[in-house]
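Listed below are the residues making up each chain.
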Amino acid sequence: MKIVRLSTYHAAPRWLFLKVETDEGITGWGEPVIEGRAQTVEAAVHELSDYLIGQDPSRINDLWQTLYRGGFYRGGAVLMSAIAGIDQALWDIKGKALGVPVYELLGGKVRDRMKTYRWVGGDRPADIIAQIHELKALGFDTFKFNGTEELRLIDNAAAIDAAVAKVAEIRGAFANDVSFGIDFHGRVSVPMARVLLRELEPYRPLFVEEPVLPEQSEYYRRLADSTSIPLAAGERMYSRFEFKQVLADGGLSILQPDLSHAGGITECFKIAAMAEAYDVGFAPHCPLGPVALAACLQVDFVAHNAVLQEQSIGIHYNNGADLLDYVLNKEDFRCDNGDIAALPKPGLGVEMDEQRLLEASRHPPAWRNPLWRHADGSIAEW
Ligand SMILES: [Mg+2]
């Protein structure tokens, strides 16, 4: 079998899909994207296609190494996201060629169901209580929300109280009937993270995510020493070679690589195994589309330390299309009490509605993340 064509589809809300075709008619799908930089990754994918056209798609490991090492310069969000989507498509082809889901190729399932959680509250946390009530009625009991809006490097008691009051209100309204993670989203400085972690500890969140920016990862260990709240991070880390340092340093309790940013299934399967060796959980980041989610689930079902799966149904970014709009086998993605079963179809387990995707890609989105500024006019982390 040989790879003959790579086609990309840039479609609402902010997704990029890749179709890899072979001379035997088997087609694989991937989702190589950076939110807000889809066209940059799209260009990288097409540039990398020089290494793929005419090659045997079954040699995923060799193609991965070729894409990673073959260009001398390597790593980073753009290149690793391009490799990620290509890698997903190659696994999809291999599974379809052999007639089995990818998790069978990775050694078979270690669990029957994977727990997922839902986003509530949006960018500027609001209406969280009402949204949790709605989603609880659908069976979900685990949620995530943003911890703060803009926060200054050193901020005041009012800002701290606002962040804490929201969490206290949720715990007060639902007691232990719900669990939640709090995403600091890299908006919080090291000094304010120290303060907030201490203040939030009584409300026992499942985890605090990106307690500080990945550029400040040397503080994970020291922050973890100051709190009993498990710390999670990894959506802006792109390979084993970045994760090895934070694992060796200690401090994180959950790694959250993104299967569309960190080299795909091939790389994240290995990152999960590295985390397991350190007694660290694995909870793939996935505010993206259905192919990315399917790829995450393939690894969740073979990783003993997979604890939670993010998914984007109804997420505040999904304007113009929602998670399953381009999917034909929607029923396979059904959540029962927040749990999703292993996708039964061969390959990644997602059947794309190519016609609908083609139509949507005629009006590609221009999604950019919000640009926030502090009251004094300086740029704030979003
Ligand atoms: Mg996050």
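Residues numbered from 1 in each chain as written. Predicted model: local features only at pLDDT ≥ 70, side-chain atom pairs only at ≥ 80, totals over all residues.

As recorded by an unreviewed UniProt entry, the protein chain carries the name Galactonate dehydratase and is attributed to Pseudoxanthomonas wuyuanensis.

Asker: What's the story with the nonpolar core in this structure? I'm lost.
Answerer: Side chains that are nonpolar tend, in soluble globular proteins, to be buried together. Judged by nonpolar contacts, the single largest core of 116 residues is most densely connected at F17, I86, L231, L252, L259, A272 and V299. Per-element tally for this core: the top contributor is helix 3 (residues 76–98), with ten residues. When residues of this core are assigned to domains, at least three fall in each of domain 1 (3–100) and domain 2 (104–347). The residues touching A272, leaving out its near neighbours within four places in the chain, are F282, V299, A303, N305 and A306. (Core = buried A, V, L, I, M, F, W, Y, C linked by C-beta atoms within 7 Å. Buried ≥ 20, exposed ≤ 12 C-beta atoms within 10 Å, placed from the backbone. Helix = DSSP H or I, 4+ residues; strand = E, 2+ residues; numbered from the N terminus. Domains from an automatic or database assignment. Contact = placed C-beta atoms within 7 Å.)

Asker: Is there a simple way to think about helix 1 (residues 38–48) in this case?
Answerer: For the α-helix, the turn length of 3.6 residues means that residues three or four positions removed from each other point alike. Within helix 1 the residues assigned to the buried category are A38, V41, E42, A44, V45 and L48. The buried residues of helix 1 all sit within an arc of 160° when viewed along its axis, so they share a single face. Among the structural elements, strand 1 (3–11), strand 2 (15–22), helix 2 (60–69) and helix 3 are those in contact with the buried residues of helix 1. (Arc of directions from axis to C-beta.)

Asker: How should the packing of helix 9 (residues 240–249) against helix 10 (residues 264–277) be read in this particular structure?
Answerer: When two helices pack together, you describe them by how their axes are tilted relative to each other and by the distance separating the axes. Remark: helix 9 packs on helix 10, axes separated minimally by 10 Å, with the N-to-C direction vectors making an angle of 10°. Comparing their axes, helix 10 and helix 9 come out roughly parallel. Crossing of helix 9 against helix 10: the hand is right-handed. In this structure, helix 9 contributes R240, F243, K244 and L247 to the contact, and helix 10 contributes E267, K270, I271, M274 and A275. Each residue belonging to the contact of helix 9 with helix 10 can be placed in one class, and the counts come to five nonpolar, no polar and four charged. (Axes fitted to C-alpha atoms, helices over the stretch in contact; angles between N-to-C directions. Parallel < 35°, antiparallel > 145°, perpendicular 65-115°, else oblique. Left-handed = near helix turned anticlockwise from the far one by under 90°. Nonpolar A, V, L, I, M, F, W, Y, C, P; charged D, E, K, R; others polar.)

Asker: Got a minute to help me understand the pairing of strand 1 in this structure?
Answerer: Successive side chains on a regular strand alternate, one facing one side of the sheet and the next facing the other. The pairing of strand 1 with strand 2 spans eight bridges and is antiparallel. Note that in strand 2 the partner of A11 across the bridge is W15. Connecting strand 1 to the next strand, strand 2, in antiparallel fashion are three residues. (Pairing = 2+ DSSP bridges.)

Asker: Even after reading the chapter, I still don't get the domain arrangement of the protein chain, so can you show me in this structure?
Answerer: For an interface, size is often stated in terms of accessible area lost upon the parts coming together. The domains assigned to the protein chain are domain 1 (3–100) and domain 2 (104–347). With centres defined by C-alpha atoms, the gap from domain 1 to domain 2 works out at 25 Å. Secondary-structure elements contributing two or more residues to the side of domain 1 that touches domain 2 are strand 2, strand 3 (27–30), helix 2 and helix 3. Here the element with the most residues in the side of domain 1 that touches domain 2 is helix 3; it accounts for 15 residues. Split into classes, the residues belonging to the side of domain 1 that touches domain 2 amount to 18 nonpolar, ten polar and six charged.

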